[in-house]
Every structure is written in structure tokens, then in C-alpha cells.
Amino acid sequence: LIAARTNQPLARAAELDGKRRFAPVKVSRDRIIREVVGLRPYRSEGFVVDAERVGNKFLIHNYGHGGAGITLSWGTASLALDLARDFLAARTSRSARNSRRAPHRRFAVLGCGVNGLSTALLLQRRFQDGPGTVTIYAKDLPPETTSNIAGGFWYPTSVYDPQAASTKFTEQFRLACRISNRAFQLLVGPEYGVRWIDTVELYRDEASLGRELPGGNDLYPQQEVHRDAERYFGFPYARQYSTMLIEPPVYLNALLRDFYIAGGKLVVKEFRNREEIMRLPEPVIFNCTGLGARALFGDQKLSPVRGQLEVLLPQPEIDYCYLSSGYMFPRRDGIILGGTWDHDDWSLTPKAKHTTRILEEHAEIMKGLK
């Protein structure tokens, strides 16, 4: 009721001229409720979805999603499961030739962030052989995972370097985007903390208006181009569209609940090396360890991209996101302000200079709001 009353003047003005109104974000240091830092697992060549045989084990990798771990989660999980299909089919065929019953399928998933949980849930849906089919092994559980720190905006950014990625990877990337986008659409609602939201990208140059949005323009409905600096935060060019916003605390808890309901098992365990992993009893292992794959599996192309977020007191009247040099996402647990991408920085401590820069950049954007 309070939010509705707060929005009444804006709503009446919009009814009069049919133009979108944006409530101002109250950007100030005394409204900060927390500062968080996360390390994006980045590979310039793009994420890894690949498989290898190690003795009698089948190891499937699904990691390195950069700044799009949540965004791509259902897509790369689906691609990873496809790699297991031939292995499982061959194993079943051998059992049939030897006149044995089909083997009871067992899967291990390493990691309990968004990619580990998504992979585990898809395994339960596609290969359910009863309780205990899927076991997650993880050092950290929600709310202590890197995924809990994410902004949760559906927009596959900071995933790869176009100069380093292959054509094969970019095709795989676009497919993962489409699979994941459709999956999130089916989860829209308060139960999973997923909703559609108006978004505005703000530009200083007109050439940016022609840039394709990540994953393909058709994944972002209701696109409009604006050349009205007075209405769009002082920027001469803006592109408006709809995408989805995911609330990580709600979403990850819901996935973990679904995993348990389907008979999943979770073991809290930290692996020190690859050899310990290979001693697991499950014949099929999914590596969803994110940045941990650098040490566990020797991927030196994997590196951290540090991101710092300033979280302000919630504002129920803010019903839009914007992207510029930084970004703003309005969640129920606070207004998320971000805009740092520090390559090869492993520090998890908030930096005062970043706090100041983020606040100043977003305060300046609000000054342009008429």
C-alpha cells in the first residue's frame, strides 16, 4: 500500500502523456546496508563445458562463466548433461550384452552454487533412479556461495573476449543463452524470486544503439530506442527493453529445497586435489567448482574478475534497472549498485576507493533524472 501511494504521482503523470517515469534512486553513503565482493570465474576463451574419461570415471566440466553464472546456469547445465548421454548409453549397452540388469546410475556434482544446483536438478529430472541418485559435494552452501553475491540480472556479460573465443564457442554460448532464458521464464514468480523488469541502457554515442544485446536481441522483448536526454538520466541515447531479475537469496534456497525434495544428498567436503575427487564412488562426476577449478584441475586460463557491490536500503518504488558505466538492480533485499571489473584481483575485502567511485557515478546519473 505504501509503495502504491508513493508511485501515484508518477503513475498519474504517465497516464497523462503516456511516457515512462523513473523514480529516483536515493544514492547516499548513509543508506548503505552492506558491501559485498565476489570473484567472477573468467576465461578469455569462454566457459568450459567438456568431458574426459579418467580410468573408469567420466568427468564432465561446467565452469568459467564469468559474470553470467546465474544467467547461463540452465543452459550450460543442459549442455553438460548432453555430454553424459553417450557414456550412459554405452554403459547400459554393455550391461545388456553381459545379461546384467542396467546399472543403477549415480552422479556426483562438485559445488553448490547456482551451476552445481542447476546441474544436480537437471540430473534428477532426466536420470532419476530413486533417492540418492545425485550427491552434491561442496565446501560452501547457500548463503555462503559466490552465487549468493551475484546481482542476479539476466544478461550474459563479462563471459569471454571476442578476440580469443572460437566460432564453436560463440555458437555454444548462444545456445546456452536460449536454453537458460526459456528455463527462467518458467520460474517467474515469488516462489523462485524471478520477475520481468524494465531495463534501460544509457549511451553517450549513437553507434552503441546498433550493438546486438548479449545472446541475441530476440531474448529482450519490448525494445525501444530513445533520444531524449531530459527523460533518460541526461544521456542523449537510451535503449529500453525487458529482461529478468533474479533474487539470489530466494532463488538459491528454492533450488536447494527442490534438490532435497527430489531425494538429493549433500555432503559438506573440501577437496584438496584431483586425486581425492577421483576416489568418489560415483562413476559420473560433474565439475561445477567455478574458480576452484583453477587449483583442482590446473586450468591456468581461469582467473578472477573482482566485483564490488554497494547495497542500499530497499526502495519499493524503484521498478526498473539501468546499465551505464555501472549498473543498478532493485531487489527486495536492497538496491544493488555495481560497476567494478578488476582482473586478477583475489581480494575479498571491500575497497574504500571503489565505494566512493560507485556512489559518485550513480549519484551523477540520478542528477540527470528530470
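In case you missed it, the structure is sitting above this.
Residues numbered from 1 in each chain as written. Predicted model: local features only at pLDDT ≥ 70, side-chain atom pairs only at ≥ 80, totals over all residues. Heavy atoms only, no water.

## As for the overall build of the protein chain
Consideration 1: Helix and strand counts for the protein chain come out as eight helices and 15 strands.
Consideration 2: A compact globule built from 370 residues would reach a C-alpha radius of gyration of about 21 Å, and the protein chain, at 22 Å, matches this within 12%.
Consideration 3: Principal-axis analysis of the C-alpha atoms gives the protein chain an extent of 75 × 40 × 40 Å.
Consideration 4: Burial analysis of the protein chain (370 residues in total) assigns 52% to the buried set. (Helix = DSSP H or I, 4+ residues; strand = E, 2+ residues; numbered from the N terminus. Rg over C-alpha atoms; globule rule 2.2 N^0.38 Å. Buried < 20%, exposed > 50% of the residue type's maximum accessible area, 1.4 Å probe, protein only.)

## Some remarks on the sheet that holds strand S2 (residues 48-54)
Consideration 1: Pairing within the open sheet is mixed, and its six strands lie in the order S2-S3-S10-S4-S5-S9. Each having just a single partner strand, S2 and strand S9 (265-268) make up the two edges of the open sheet. Geometrically, the sheet is characterised by an average inter-axis angle of 20° between neighbouring strands, direction not taken into account.
Consideration 2: With four bridges connecting them, strand S4 (residues 107-110) and strand S10 (residues 284-287) associate as parallel partners. In the strand pairing of S10, Val-109 is matched with Phe-286. (Pairing = 2+ DSSP bridges. Axes fitted to C-alpha atoms, helices over the stretch in contact; angles between N-to-C directions.)

## Here we look at helix H8 (residues 352-367)
Consideration 1: Between its terminal C-alpha atoms H8 stretches 23 Å, which fits the 22 Å expected from 16 residues at 1.5 Å a residue.
Consideration 2: His-354, Thr-355, Ile-358, Leu-359, His-362, Ile-365 and Met-366 are the residues of H8 that are buried. Down the axis of H8, the buried side of the element spans an arc of 125°, and every buried residue falls inside it. Structural note: H8 exposes Ala-352, Lys-353, Glu-360 and Lys-367 on the side pointing more than 90 degrees away from its buried face. (Expected span 1.5 Å × (residues − 1). Arc of directions from axis to C-beta.)

## A look at the packing of aromatic side chains
Consideration 1: Enumeration over the complete set of coordinates arrives at 21 aromatic pairs.
Consideration 2: With 6.0 Å between their ring centres and 40° between their planes, Phe-233 and Tyr-320 make a pair best called tilted. Taken together, the positions of Phe-233 in the loop between strand S7 (224-226) and strand S8 (237-246) and Tyr-320 in strand S12 (residues 320-323) put the pair 87 residues apart, joining distant regions of the chain. With respect to class, Phe-233 is no different from Tyr-320; both count as buried.
Consideration 3: Clustering of aromatic rings is evident, with ring pairs tying together Phe-153, Trp-154, Tyr-155, Tyr-220, Tyr-241, Tyr-327, Phe-329 and Trp-341.
Consideration 4: Stacked on the ring of Phe-235, the Lys or Arg Arg-204 has its end atom at 3.8 Å from the ring centre.
Consideration 5: Against the face of Tyr-192 rests Arg-257, its NZ or CZ located 5.6 Å from the ring centre. (Phe/Tyr/Trp six-rings, centres within 6.5 Å; stacked < 30°, edge-to-face > 60°. Lys NZ or Arg CZ within 6 Å of the ring centre and 35° of its normal.)

## Quick look at the pattern of salt bridges
Consideration 1: Within the structure shown, the criterion is met by 23 salt bridges.
Consideration 2: Ionic pairing is found between Arg-272 and Glu-276, a salt bridge with its closest N-O pair at 2.5 Å.
Consideration 3: For Glu-276, a relative accessible area of 9% translates into the label buried.
Consideration 4: Among the salt bridges present, the one from Arg-331 reaches Asp-333, with a minimum N-O distance of 2.9 Å.
Consideration 5: What makes Asp-333 partly exposed here is its relative accessible area of 21%.
Consideration 6: Residues joined in a network through salt bridges with shared partners are Arg-34, Arg-195, Glu-247, Arg-331 and Asp-333. (Salt bridge = Lys/Arg side-chain N within 4 Å of Asp/Glu carboxyl O.)

## Remarks on the pairing of strand S5 (residues 134-138)
Consideration 1: Buried residues dominate S5, accounting for five of its five residues.
Consideration 2: Where burial is concerned, the two faces of S5 agree: the one with Val-134, Ile-136 and Ala-138 and the one with Thr-135 and Tyr-137 are both buried.
Consideration 3: Where S4 and S5 come together, four bridges link them in parallel fashion. Along S5, the bridge assignment pairs Val-109 with Ile-136.
Consideration 4: Handedness of the crossover joining S4 and S5 through helix H3 (residues 114-127) is recorded here as right-handed.
Consideration 5: With four bridges joining them, S5 and S9 adopt parallel strand pairing. (Right-handed = clockwise from strand over helix to strand, strands pointing away.)

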